[in-house]
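Residue-level listing of the chains:
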There are 2 protein chains.
Amino acid sequence: MAKTLIRNGVFVTATDEAPIVRGNMIIENDKIAYIGEQAPDPSETFDDIVDGARKLYMPGLVNTHGHAAMSLLRGYGDDLALQVWLQEKMWPNEAKFTGEDVRWGTLLSILEMLKGGTTAFVDMYDHMDEVARAVEQSGMRGCLTRGAIGHCPPDVQEMKRREAIQFARDWHGQADGRITTMMSPHAPYTCPPDFIEKFVEAAHELNLPMHTHMSETLFEVLENEKQYGLRPVDHLAKLGVFSRPCLVAHAVHLTDAEIETLRAHDVRVSHNPGSNLKLASGVARVPDLLKAGVLVSLGTDSAASNNNLDMFEEMRLAALIHKGVSGDPLAVPAREALKLGTANGARSIWLDGVGTLEAGSKADFIALDIDQAHFLPKSDYISHIVYSASAKDVTDVFVDGKQLVKDGECLTLDEERIKYEAQARFENLIGRD
Amino acid sequence: MAKTLIRNGVFVTATDEAPIVRGNMIIENDKIAYIGEQAPDPSETFDDIVDGARKLYMPGLVNTHGHAAMSLLRGYGDDLALQVWLQEKMWPNEAKFTGEDVRWGTLLSILEMLKGGTTAFVDMYDHMDEVARAVEQSGMRGCLTRGAIGHCPPDVQEMKRREAIQFARDWHGQADGRITTMMSPHAPYTCPPDFIEKFVEAAHELNLPMHTHMSETLFEVLENEKQYGLRPVDHLAKLGVFSRPCLVAHAVHLTDAEIETLRAHDVRVSHNPGSNLKLASGVARVPDLLKAGVLVSLGTDSAASNNNLDMFEEMRLAALIHKGVSGDPLAVPAREALKLGTANGARSIWLDGVGTLEAGSKADFIALDIDQAHFLPKSDYISHIVYSASAKDVTDVFVDGKQLVKDGECLTLDEERIKYEAQARFENLIGRD
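Residues numbered from 1 in each chain as written. Chains lettered and ligands numbered in written order. Predicted model: local features only at pLDDT ≥ 70, side-chain atom pairs only at ≥ 80, totals over all residues. Heavy atoms only, no water.

Attention shifts here to the UniProt feature "domain: Amidohydrolase-related" (unreviewed entry) in chain A. As recorded in UniProt, the sites labelled "domain: Amidohydrolase-related" (unreviewed entry) are residues 57–403 of chain A. With 44% helix and 16% strand, residues 57–403 of chain A has its two end C-alpha atoms placed 14 Å apart. (UniProt positions renumbered as here; feature names shortened; annotations may be inferred. Helix = DSSP H or I, 4+ residues; strand = E, 2+ residues; numbered from the N terminus.)

Next up, the structure:
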């Protein structure tokens, strides 16, 4: 049995009961065995004893929406009109993505996320076997799903459906349970209703949740209404999507009635503030969603629309923009933003016992170097995490009690190789017909 | 004559003519002597030759509004209603600030700014001799001004006016010209009109610019109208503030006519997106200001309302929020945001030959470590700077050709002492009657 003691630390727990604990944390195998002020009995032995002074420990961050492989297109064609960016820069190049491109793009994102303190992430893309293998190797958690655009000929639709099912069957529960899966029709505006229904059916058969893009732009909401006579929320409800546990990404344009429908079906919302701002999609009604009791978490979306995968920045944006736009300085306080990035994230993807630091929880946690000017004075560490910290402050990362990043170095991945391959794949991709 | 060659580098220049240069930069004493593709003549000798591979060089960032000493109150009383925060947390503690508090709070901010790539900053506060001495020691540039609140008895008003004038006389042009000064009545809502007029008069006598807070909140705009029958812009114009070169901070709530008045008087606007969002002041009309031809730059405001002094974050916020709020993905593109943080910043505080990398410019520049996942692929370095970088990516900082930060270590300041003193002053301050 592996047993580690971290002593003398500051622990931000993301719980309501004891938000900040000063003292000791004991990790036994994959779980937190103890966290509190008490020093362990002198007779107790440990495999490792870590001095936690000058460090802040907190739960690993959970990124609940993204397309990791798209980091290969980071900064490619920024600052264009949305349709030009999509039609001329993203889609033609994504169509050329091979399994190898997805492999190295995903590893580039995993490297960035892991070193930046993200311990679990959602990925919706293609060539998902490559993504799953990358997650397995990295030691992170991944909630993975083959995103399927349904506007294509029936044989391609069927191929995608089978692929999505096969992937979910093959990988759900793999990598010591670190990989889970979902069923994902890409979005109501990219999938015919019967295609979506087939994914719902499969999710019932496989007992899996659903994940989809929803109401990201006003344009798609109005188109949905025009085409189906319903806004996206009612449309998806009618197609049975909410008969399964469901996580929707974006949910920027919502009416009060739609918020109530989401709440009633316990639909979880992945709020992607950075991406929504950059693509000029708008500002989601997060304070209203939270007030209604909808479970909200945070996602980076892809590095092509963000452009980094720094979850501290998403927490900060969530804490800042809703204050500025609503005029209410109490909107999304730091304590709430911290939960969106940690505990709520884990709950949003049905990870039990993940997302908080408390006895019995999974030992998914990170350490920050707080011996720096921007963490002083020691006034309020939750404020400092949300309003002042960044991915670059993370020094150590643990998942399931195993150390994946130590003093800023990733122990499970070959960083130099990944950086080299990512650049080479990008150059190759852009030059490829 | 000190002569340095940086070879093999990527140089983001913040100029329109050659936004990105790959090759070499030669620094002679305090100036850039050459930047371009050409290799120097083999017979040319240098005191230092630096290999610029894996680094990105860019102009130092210019922070055009802040109150450095207030970093002593970072995270103290966050997430409160504005008036509660001000009246119960900020003002009572600021009133207790001694010169020593200002000294160490300012040094804490300077340390953070300098290591994060800011090479020049505006500071409006009290005990300004301490601030000036800290700037002198650090090697940074400071555009410094004694901010005076005028709602006080006539003898105190007079004391503040004399102090402001004395400070400006004593320090303008000091520290090898790195320190310049301005005259600053704090804001129209905190100063009686005749008090403001006295500062304008002094600015004329001393041939100095004006700096003041303006139209930060809707409340103060409406109050101004109620009290003086004019909105703040016309009010300040009437008091002669714009008869001097002038930099205003915030300018969130503006009419079209006010924007035209600012343009007509060449008033410069320091946009403080992070602070405006956190304090729920609103979203400034930056795209409209830029379209009208007003010179806009970026400020962090104090660490108490931000909560870090990372100018990369301000560039990113400026690039993101105006897209999200306006619905226009072309609003404030990365190239524009970069200029707001560099060249425009320098022009806003009348620094000639600062803010760009070009032959003849002052050698105020910084290096970023771009051998990291979030700078890959090498698609568009300006995008990467604005949408992906952070203060923590800065490795080296030069002002006037002198290296102030090397491999992340500040060469001019005692970092351990500053961190220790800042924490001690904070604890002492909070406990003090």
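Moving on, we get to the packing of aromatic side chains. Applying the stated criterion to the full structure yields 12 aromatic pairs over all chains. Taking the centre distance of 4.9 Å and the plane angle of 50° together, the rings of Phe195(A) and Phe199(A) count as tilted. Within this pair, Phe195(A) and its partner Phe199(A) are both found in helix α5 (residues 193–206), separated by four residues, close to a single helical turn. The two residues Phe195(A) and Phe199(A) agree in class, both being buried. Judged by centre distance (5.3 Å) and plane angle (25°), the ring pair of Phe11(B) and Tyr57(B) falls under stacked. Of this pair, Phe11(B) sits in strand β1 (residues 3–12) while Tyr57(B) is found in strand β5 (residues 55–59), placing the two residues 46 residues apart along the sequence. A relative accessible area of 3% places Tyr57(B) in the buried class. (Phe/Tyr/Trp six-rings, centres within 6.5 Å; stacked < 30°, edge-to-face > 60°. Buried < 20%, exposed > 50% of the residue type's maximum accessible area, 1.4 Å probe, protein only.)

By size, the foremost hydrophobic cluster in this structure holds 228 residues, and its most contacted members are Met183(A) and Met183(B). When sequence neighbours within four positions are dropped, the list of residues in contact with Met183(A) reads Thr145(A), Ala164(A), Ile165(A), Ala168(A), Phe199(A), Ala202(A), Ala203(A), Leu206(A), Leu208(A), Pro209(A), Met210(A) and His211(A). (Core = buried A, V, L, I, M, F, W, Y, C linked by side-chain atoms within 4.5 Å. Contact = heavy atoms within 4.5 Å.)

Moving on: the pattern of salt bridges. Counted by the stated rule, this structure contains 66 salt bridges over all chains. Measuring nitrogen to oxygen at the nearest pair gives 2.8 Å for the salt bridge that ties Arg268(A) to Asp266(A). Overall, the relative accessible area of 41% leaves Asp266(A) in the partly exposed class. A salt bridge links Glu28(B) to Lys3(B), with the shortest nitrogen-to-oxygen separation between them at 4.0 Å. Here Lys3(B) lies in strand β1 and Glu28(B) lies in strand β2 (residues 20–28), a separation of 25 residues in the sequence. We classify Glu28(B) as partly exposed; its relative accessible area is 26%. The buried category is assigned to Lys3(B), whose relative accessible area is 12%. Overlapping salt bridges bring together Arg54(A), Asp371(A), Lys115(B), Glu415(B), Glu416(B) and Lys419(B) as one network. (Salt bridge = Lys/Arg side-chain N within 4 Å of Asp/Glu carboxyl O.)

Here we come to the UniProt feature "binding site: Zn(2+)" (unreviewed entry) in chain A. Residue and element names in this part refer to chain A. UniProt tags His 65, His 67, His 213 and Asp 301 as "binding site: Zn(2+)" (unreviewed entry). The greatest C-alpha distance among the residues just named is 11.9 Å, despite their covering 237 residues of sequence, which places them together in space. The residue His 65 is located in the loop between β6 (61–63) and α1 (82–96) in this model. Given the relative accessible area of 0%, His 65 is considered buried. Once you skip the residues sitting within four places of it in the chain, His 65 turns out to touch Val 122, Met 124, His 211, His 213, Ala 249, His 250, Ser 270, Asn 272, Gly 299, Thr 300 and Asp 301. In this structure the side chain of His 65 is engaged in a polar contact, spanning 3.3 Å, whose partner is the side chain of His 67. Tracing the backbone shows Asp 301 in the loop between β14 (296–298) and α11 (311–326). Among the polar contacts made by the side chain of Asp 301, one reaches the side chain of His 67 at a distance of 3.3 Å. (Polar contact = N/O pair within 3.5 Å; in protein donor to acceptor, adjacent residues only side chain to side chain.)

Here the focus is the sheet that holds strand β12 (residues 246–250) of chain B. All names here are of chain B. On the basis of which strands lie adjacent, the open sheet formed by four strands has the order β11-β12-β13-β14 and parallel pairing. Because the sheet does not close on itself, it has two edges, and the strands there are β11 (210–214) and β14 (296–298). Between one strand axis and the next, the sheet turns through 30° on average, direction left out of account. Bridge count between strand β13 (residues 268–271) and β14: three bridges; the pairing is parallel. Bridge pairing in β14 places Val 269 opposite Val 296. Sheet contacts for helix α11 (residues 311–326): β13 and β14; angle to β14, the most-contacted strand, approximately 130°. (Pairing = 2+ DSSP bridges. Axes fitted to C-alpha atoms, helices over the stretch in contact; angles between N-to-C directions.)

All names here are of chain B. You can see Lys 96 is positioned in helix α1 (residues 82–96). At 2.7 Å, the side chain of Lys 96 forms a polar contact with the backbone oxygen of Leu 429. In this view, Lys 96 contacts Asp 101, Leu 429, Ile 430, Arg 432 and Asp 433; residues no more than four positions away in its chain are not counted.

Before going further, it helps to examine the relation of the copies chain B and chain A. The operation relating chain B to chain A is a screw motion whose rotation component is 180°, with 0.0 Å of axial translation and a residual RMSD of 0.0 Å. Both copies of the chain, as the preceding transformation shows, are related through a two-fold rotation axis. Across chain B, the rotation axis passes nearest the C-alpha of Lys392(B), at a separation of 3.2 Å. Here 98% of the contact residues of chain B are again contact residues in chain A; the copies associate through an equivalent surface. (Least-squares fit on C-alpha atoms with pLDDT ≥ 70 in both.)

Turning to the interface of chain B and chain A, a few remarks are in order. Counting residues at the interface gives 59 residues for chain B, matched by 58 residues for chain A. The interface formed by chain B and chain A holds eight salt bridges in total. Taking the shortest distance from any N to any O, the salt bridge between Lys419(B) and Asp371(A) comes out at 3.3 Å. At the boundary of chain B and chain A, one finds 29 residue pairs in polar contact (both at pLDDT 80 or more). Looking at the side of chain B that touches chain A, the elements that each hand over two or more residues are α2 (99–115), α9 (273–278), α11, α14 (381–388) and α15 (415–431) of chain B. No other element matches the eight residues that α11(B) contributes to the side of chain B that touches chain A.

All names here are of chain A. Within the secondary structure, Ser 109 is located in helix α2 (residues 99–115). Within the structure, Ser 109 has its side chain in polar contact with the side chain of Ser 71 (distance 3.2 Å). Excluding residues that lie within four positions of it along the chain, Ser 109 makes contacts with Ala 68, Ser 71 and Leu 309.

Next up on the list: the pairing of strand β15 (residues 365–369) of chain B. All names here are of chain B. Summarising burial for β15: four of the five residues are buried, a large majority. Pairing analysis gives five bridges linking β5 to β15, with the strands arranged antiparallel. The residue bridging Leu 56 from the neighbouring strand is Leu 368, located in β15. Here four bridges tie β15 to strand β16 (residues 394–399), and the two strands are oriented antiparallel to one another. In the strand pairing of β16, Phe 365 is matched with Phe 398.

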